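Observations on chain architecture
So the chains spell out like this:
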Amino acid sequence: MSTKSTLVLVVLCFIGLSNANLFGQVDNQTWNGVQAVFPLENKMKIAVKPIVRTFNNVVEYQNSSIDVALSFPLEGQWSAAILWREWFVPEQPARRFFWFDINNVGKYNFGTIKNRLRYHLALDIHDRNDPDYVRWNLHYQFPVKGKIIPFFNIETWFRTNGSNKVERMRYEPGITWKIIKDLKLSFVFRRQETVNLDPGSKQNQFVTTLVKTFNTIKTKE
């Protein structure tokens, strides 16, 4: 399948979702980030990503955060990562998350399948109690060649803390654009919905990330 025909398919799916009351009674938000990736020896990587968010139909600043991640390969198609996020919320104390990931990647004739299992640990700091989750992300990348690669994610959030049930879902069609070597731009339309909660909530999140990969950092012997 060519890039052009795949993009047409993605647009048609998006139109179909839009007709399913996708934008009715929903807050539209943006997540804008810039990520710097620093490869290390032995295929390890360090990534730093600040993010700025808006809400209330993208007209108000909501919050910002910074992510720091260390990823490293395991055996075969497996890898792992440790991530830290610090939140900066207006007129509220800071929030702090740690994530622990296990990843698997499989490449097939019909596309690339990535599975990520994440333990989402929210530290209870500054008298603020945030929930913890086990998150499963299923990523499908279309088998196309070129600078623009379409993909689709589904992520399930299973809450722990005594709740022990799925409380959030994310649906994410998107594209990655390889601008030049070591520089790419990703755009994701994220539909986020709560489940098993009353009252519930729904958001449309437009997520844009510019990613720059630098030269490998060599460790001293």
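To keep things clear, this report deals only with the structure shown in the data block. Please read these numbers as outputs of a predicted model, since none were measured by experiment.

Tracing the sequence through the fold places aspartate 130 in the loop between strand E6 (111–122) and strand E7 (133–141). Accessibility expressed as a relative area gives 11% for aspartate 130, which makes it buried. In sequence terms aspartate 130 and phenylalanine 97 are 33 residues apart; their C-alpha atoms lie 9.1 Å from each other. In contact with aspartate 130, not counting residues within four places along its chain, are Arg95, Phe97, Ala122 and Asp124. Engagement of the side chain of aspartate 130 in a polar contact is seen with the side chain of arginine 95, the distance being 3.1 Å.

When E7 meets strand E8 (residues 148–159), the two strands line up antiparallel, connected through 9 bridges. Bridge pairing links tyrosine 140 to phenylalanine 152 in E8. Taken together, E7 and the strand that follows it, E8, pair antiparallel across an intervening segment of 6 residues, in which glycine 146 is found at a positive phi of about 135°. With 12 bridges joining them, E8 and strand E9 (residues 165–180) adopt antiparallel strand pairing. Across the sheet, threonine 156 pairs through a bridge with methionine 169, a residue of E9. Two successive antiparallel strands, E8 and E9, enclose a turn made up of 5 residues, where asparagine 161 displays a positive phi of approximately 60°.

This part is about the packing of aromatic side chains. Evaluated as defined, the whole model comprises 7 aromatic pairs. With a centroid separation of 5.1 Å and 65° between ring planes, the pair formed by tyrosine 140 and phenylalanine 142 is classed as edge-to-face. Judged by relative accessible area, phenylalanine 142 falls into the buried class, the value being 15%. An aromatic cluster is built from Trp87, Phe97 and Trp99, whose rings are joined through pairwise contacts. The aromatic ring of tryptophan 157 is capped on one face by arginine 168, whose charged end is 4.2 Å from the ring centroid.

This part takes up the sheet that holds E9. Overall, mixed pairing links the 11 strands, which are arranged E1-E2-E3-E4-E5-E6-E7-E8-E9-E10-E11 in a closed barrel. Each adjacent strand pair in this sheet contributes to an overall mean axis angle of 20°, direction not counted.

Quick look at a nonpolar patch on the surface now. The grouping of Leu74, Trp78, Ile102, Leu117, Trp136, Leu138, Phe152, Ile154 and Tyr171 at the surface amounts to a nonpolar patch, some 760 Å² of accessible area in total. Structurally, the position occupied by leucine 117 is in strand E6. You can call leucine 117 partly exposed: its relative accessible area is 45%.

A word on the pattern of salt bridges. Evaluated as defined, the whole model comprises 11 salt bridges. Between aspartate 67 and arginine 85 there is a salt bridge, and its shortest N-O distance comes to 2.7 Å. Residue aspartate 67 is found in strand E3 (residues 60–73), and its partner arginine 85 is found in strand E4 (residues 78–88); the two are separated by 18 residues along the sequence. Pair check on accessibility: aspartate 67 and arginine 85 agree, each one buried. The structure contains a network of salt bridges with shared partners spanning Arg116, Arg135, Glu155 and Arg170.

On the surface, Lys45, Lys107, Lys114, Lys178 and Lys184 cluster together to form a positively charged patch. Exposure remark for lysine 114: the relative accessible area of 34% places this residue in the partly exposed category.

Attention now moves to the nonpolar core. Most often, soluble globular proteins have nonpolar side chains that are buried together. Core analysis: the largest hydrophobic core is formed by 8 residues, namely Ala69, Ala81, Leu83, Trp87, Val89, Phe97, Trp99 and Ala122. Mapped onto this core, the elements with two or more residues apiece are E4 and strand E5 (95–108). Sorting elements by how many residues they give to this core places E4 first, with 3 residues. Non-local contacts of alanine 69, meaning those with residues more than four positions away in its chain, are made with Lys45, Ile46, Ala47, Ile82 and Leu83.

Within the secondary structure, serine 65 is located in strand E3. Along the chain, serine 65 and alanine 94 lie 29 residues apart, while their C-alpha atoms are 9.4 Å from each other. Residue contacts for serine 65: discarding those within four places in its chain leaves Lys49, Pro50, Ile51, Arg53, Arg85, Glu86, Trp87 and Phe88. A polar atom in the side chain of serine 65 sits 2.9 Å from the side chain of arginine 53.

Thresholds applied
Residues numbered from 1 in each chain as written. Predicted model: local features only at pLDDT ≥ 70, side-chain atom pairs only at ≥ 80, totals over all residues. Heavy atoms only, no water. Helix = DSSP H or I, 4+ residues; strand = E, 2+ residues; numbered from the N terminus. Buried < 20%, exposed > 50% of the residue type's maximum accessible area, 1.4 Å probe, protein only. Contact = heavy atoms within 4.5 Å. Polar contact = N/O pair within 3.5 Å; in protein donor to acceptor, adjacent residues only side chain to side chain. Pairing = 2+ DSSP bridges. Phe/Tyr/Trp six-rings, centres within 6.5 Å; stacked < 30°, edge-to-face > 60°. Lys NZ or Arg CZ within 6 Å of the ring centre and 35° of its normal. Axes fitted to C-alpha atoms, helices over the stretch in contact; angles between N-to-C directions. Patch = residues over 30% accessible without salt bridge, like charges linked within 9 Å, V, L, I, M, F, W, Y side chains within 5 Å. Areas by Shrake-Rupley, 256 points an atom, 1.4 Å probe, with all protein chains shown as cover. Salt bridge = Lys/Arg side-chain N within 4 Å of Asp/Glu carboxyl O. Lys, Arg positive; Asp, Glu negative; His and termini not counted. Charge placed at Lys NZ, Arg CZ, Asp CG, Glu CD. Core = buried A, V, L, I, M, F, W, Y, C linked by side-chain atoms within 4.5 Å.

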